[in-house]
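Observations on chain architecture
The chain contents come next:
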Amino acid sequence: MSDLPRTALVTGASRGIGKGIAEEMARQGCQVYLTYVSRPEEAEKVASGITASGGSARAFRLDVGDPASVTAFFQDEVRDKVDLAVLVNNAGVTRDGLMVRMKDEDWDAVLNVNLRGAFACTREAAKIMTRQRHGRIINITSISGQMGNAGQLNYSSAKAGMIGLTKSAAKELASRNITVNAVAPGFIQTDMTAALPEDVQKAYLGQIPLKRFGAVDDIAAAVAFLASDRAGYITGQVLAVNGGLYC
Ligand code: NAP
C-alpha cells in the first residue's frame, strides 16, 4: 500500500452531479481533487465545504477539452504526489439543436469535452494507475447515449462513445487491477436540465416510471458503489440510474 493520500479526482465538480460525487467521495474517506473550467468561486466553495466537514479537498482549473493541459495537470499535480484511487470523468456540456441546423462547432465542442476529455483523462490516469496496480475509473455517460435523443445528436454520440471507451479501457486495464465502468444518469435536477423548457421537463416526468426526477445523490451513490471494494469484480459495465425511464 502507498503512503500517499488515497485520492478521488472528479472532473467538472464545481456544481451539479460532479459536486455531489466529490462530496460523497470525501464522505467515503478520499482526499478529493475537483476540477472546474469557468467558475473558480463555486469550485472553491465545494472544496472548502468538504474541508469544513472534516474532509480534504483541493480545486483546480482544468479544461478537459485541452489535451495538453490534461497531460500537464496529471504530470504536475497527480503523478507521484497522490495515490490516484478513483477517477470520475464527469465534466460535460450540451449544445442542443436539431441535426439539420446543427453547426460543426456545436458538434466539435460537445465531442471534445465529453468524449475526448474523458479519453485524455483516462489515458493519463491509466499510466499512473498501471504503476500503482490499482484504480477505479468511472465515466458519467447518459441515457441519451443509450437510447438516443432528438435534438442531442452531438451529445448522444459523445455519450455513446463514452460507453465504447469504458468497455475497451476495461479490457485493456483489467490485468492491472483497474476497473472501468460507466454510470448513465436519466433526468437529474441540475443546471444542465434546468435549462430545458418547462414543457420538455414535464414531458420527461410523465415518462419516468418512478415518477420523480433524479437527484444528484442518486448518481453519487452509484459512483460510490462502483468505487468501493464491494464492486471489485465489476468492470466494463454501464449502471443506468434513471428511474426506469430506459431499461
Ligand atoms: P452541469 O451542472 O452543467 O455542470 C457541468 C460541470 O462540468 C461544471 O462543473 C463545469 O465547470 C464542468 N465543465 C464544463 N466544461 C468543462 C470543461 N471543458 N472542462 C472541465 N470541466 C468542464 O452538469 P451536470 O448536469 O451536473 O452534468 C454532469 C455530467 O452528468 C455531465 O457529463 C452530463 O453530461 C452528465 N449527465 C447529466 C444529466 C442530467 O440530467 N443533469 C443526465 C445524464 C448525464 P464550470 O462550473 O467551471 O463551468
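The sections below set out a description of the structure shown in this document. All residue numbers refer to positions counted from 1 along the written sequence of the respective chain. Confidence filtering applies because this is a predicted model: local features only for residues at pLDDT of at least 70, side-chain atom pairs given and counted only at 80 or more, and all residues used for totals across whole chains, interfaces and linings. Just so you know, side-chain values use all the structure's heavy atoms and leave hydrogens and water out.

**Some words on the overall build of the protein**
Looking only at helices and strands, the protein has 9 helices and 7 strands in total. Only the C-alpha atoms count toward the radius of gyration. The rule for a globule is 2.2 Å times the residue count to the power 0.38. Taken over the C-alpha trace, the protein has a radius of gyration of 17 Å; the compact-globule value for 247 residues is 18 Å, and the two agree within 12%. Seen through its principal axes, the protein has C-alpha atoms that stretch 50 × 35 × 35 Å. Residue burial is assigned from relative accessible area. The probe radius is 1.4 Å, only protein chains are included, and a residue is buried under 20% of its type maximum, exposed over 50%, and partly exposed in between. Taking all 247 residues of the protein together, 48% fall into the buried category. Between two residues, a contact is recorded if the distance between any of their heavy atoms is within 4.5 Å. For the protein, contacts bridging at least 24 residues in sequence account for 73% of all contacts bridging at least 6. To be clear on the numbers: accessible area is Shrake-Rupley with a 1.4 Å probe, and residue cover counts the displayed protein chains and nothing else. Within the structure as shown, the protein displays about 11,900 Å² of accessible surface, and the carbon and sulfur contribution to it stands at 52%. Helix and strand assignments follow DSSP, with helices taken as H or I runs no shorter than four residues and strands as E runs no shorter than two, numbered in order from the N terminus.

**Observations concerning helix H6 (residues 153-173)**
In this model H6 runs 30 Å from its N-terminal to its C-terminal C-alpha over 21 residues, within 8% of the 30 Å that 1.5 Å per residue would give. Residues of H6 that are buried: Asn154, Tyr155, Ser156, Ala158, Lys159, Met162, Ile163, Leu165, Thr166, Ala169, Ala170 and Leu173. Expected helix span is taken as 1.5 Å per residue step, with the number of steps being one fewer than the number of residues.

**A look at the pattern of salt bridges**
The salt bridge definition used is simple: a Lys or Arg side-chain nitrogen within 4 Å of an Asp or Glu carboxyl oxygen. Within this structure, the stated rule accounts for 10 salt bridges. Salt-bridge contacts for Glu124 lead to Arg123; the nearest nitrogen and oxygen are separated by 3.5 Å. If you follow the salt bridges from partner to partner, you end up with Arg123, Glu124 and Lys127 in one network.

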